[in-house]
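# Descriptive analysis of the structure
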Amino acid sequence: MEVIQGGVTAPRGFLAGAARCGLKKEGYDLGIILTERPAQAAAMFTTNQIVAAPIVLSRVAIKRGEMRAVVVNSGNANACTGERGYENARTMAEVAASSLGISPDEVFVASTGIIGEQLPMEKIVSGIKDAAKDLWPEIQSGHAFAQAISTTDTFIKEIAVKTKAGGHVIT
């Protein structure tokens, strides 16, 4: 396996974007990844008894096996927020889908940050629309996405690798 330059946009067909919507004091706080065509998806979820609304929504979505997009906000976990939190997660998927021209069933939702506070949906909706307008395959777009999903991290966490599998080089 060879480590290469880049992050989520290193594989061909993956686009990313980020926006500043005011959930954190500074920097990007909302990111989107989009695949140019449906992609097989897999996920690992928490084993905790208490789960955030985006996890409840995304556990259902992942069962379909194919996804096109991921929308993630940082600064607010949308956890312990009840039915309103679940509706907010659904709204995130719907706004992302509408902005990207895909089905809400193809959007995975995640949130990270403070627990127990409702999402400021006006800011979230604006951020999703802004990020969706500026999706690119460049390394910088993937790096902006990685910045957007960080919370208390002391550095941006991203990596890209190439390896051979089944006689093919994959990234």
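This text follows the structure it describes.
Residues numbered from 1 in each chain as written. Predicted model: local features only at pLDDT ≥ 70, side-chain atom pairs only at ≥ 80, totals over all residues. Heavy atoms only, no water.

### Looking at the sheet that holds strand E6 (residues 160-165)
Which entries qualify depends on this criterion: A strand pair is defined by DSSP finding two or more bridges across the two strands. Counting from the N terminus, the helices are DSSP H or I runs at least four residues long and the strands are E runs at least two residues long. Only the stretch in contact is used when a helix axis is fitted, and all axes are lines through C-alpha atoms; the angle between N-to-C directions ranges over 0 to 180 degrees.
In space, the three strands of this open sheet follow the order E1-E6-E7, with antiparallel pairing throughout. The strands lining the two open edges of the sheet, one partner per strand, are strand E1 (2-4) and strand E7 (168-170). On average, each strand axis in the sheet is inclined to that of its neighbour by 30 degrees, with strand direction left out of account. Both E6 and E7 contribute to a ladder of three bridges, which runs antiparallel. Across the sheet, the residue bridging to Ala 165 is His 168, located in E7.

### Here we look at the pairing of strand E5 (residues 107-114)
Keep this limit in mind: Handedness of a crossover is defined as follows: orient the strands so they point away from the viewer, and if the path from the first strand over the helix to the second runs clockwise, the crossover is right-handed.
Pairing geometry for strand E4 (residues 66-76) and E5, over eight bridges, is parallel. What sits directly across from Val 71, in E5, is Val 109. Considered for its hand, the β-α-β crossover made up of E4, helix H2 (residues 82-100) and E5 is right-handed.

### Re the environment of Ala 39
Here is the rule we go by: Contacts are residue-level and defined by heavy atoms, with any inter-residue pair within 4.5 Å sufficient.
Counting through the fold element by element, Ala 39 comes out in strand E3 (residues 30-40). Taking the C-alpha atoms as reference points, Ala 39 and Glu 66, 27 residues apart in sequence, are found 5.2 Å from one another. Apart from residues no more than four positions distant in its own chain, Ala 39 is found in contact with Gly 65, Glu 66 and Met 67.

### With respect to the environment of Met 92
Note that Met 92 resides in helix H2. Put simply, Met 92 and Val 107 are 15 residues apart on the chain and 8.9 Å apart in space, counted from C-alpha to C-alpha. Discounting residues that sit within four places of it in the chain, Met 92 has contacts with Val 71, Asn 73, Val 109, Ala 110, Ser 111, Leu 119, Met 121, Ile 124 and Ile 128.

### So, the nonpolar core
This is how it is decided: Here, nonpolar core refers to any group of buried Ala, Val, Leu, Ile, Met, Phe, Trp, Tyr and Cys residues whose side-chain atoms link them within 4.5 Å. Exposure classes here rest on a 1.4 Å probe applied to the protein chains alone. A residue is buried below 20% of its type maximum, exposed above 50%, and partly exposed in between.
Within the largest apolar cluster, 29 residues are counted, with the highest numbers of intra-cluster contacts made by Ile 32, Val 71, Val 107 and Ile 128. Looking at this core, the elements that each hand over two or more residues are strand E2 (14-19), E3, helix H1 (53-62), E4, H2, E5 and helix H3 (121-132). With seven residues, H2 is the largest single contributor of residues to this core. Apart from residues no more than four positions distant in its own chain, Val 71 is found in contact with Leu 30, Gly 31, Ile 32, Met 92, Ala 96, Val 107, Phe 108, Val 109, Ala 110 and Ile 128.

### Some words on the side chain of Thr 81
Its location among the elements puts Thr 81 in the loop between E4 and H2. With near-sequence residues (within four places) excluded, Thr 81 lies in contact with Gly 116, Glu 117 and Gln 118.

### Digging into the pattern of salt bridges
This is how the line gets drawn: Take a side-chain nitrogen of Lys or Arg and a carboxyl oxygen of Asp or Glu: if they are within 4 Å of each other, that pair is a salt bridge.
Within the structure shown, the criterion is met by two salt bridges. Here Arg 90 and Glu 87 are joined by a salt bridge, their closest N and O atoms 3.9 Å apart. Here Arg 90 and its partner Glu 87 are both found in helix H2, three residues apart, which amounts to about one turn of the helix. Judged by relative accessible area, Glu 87 falls into the partly exposed class, the value being 32%. The salt bridge partner of Glu 94 is Arg 90, with a shortest N-O separation of 4.0 Å. Placement of the pair is Glu 94 and Arg 90 together in helix H2, with a separation of four residues, close to one helical turn.

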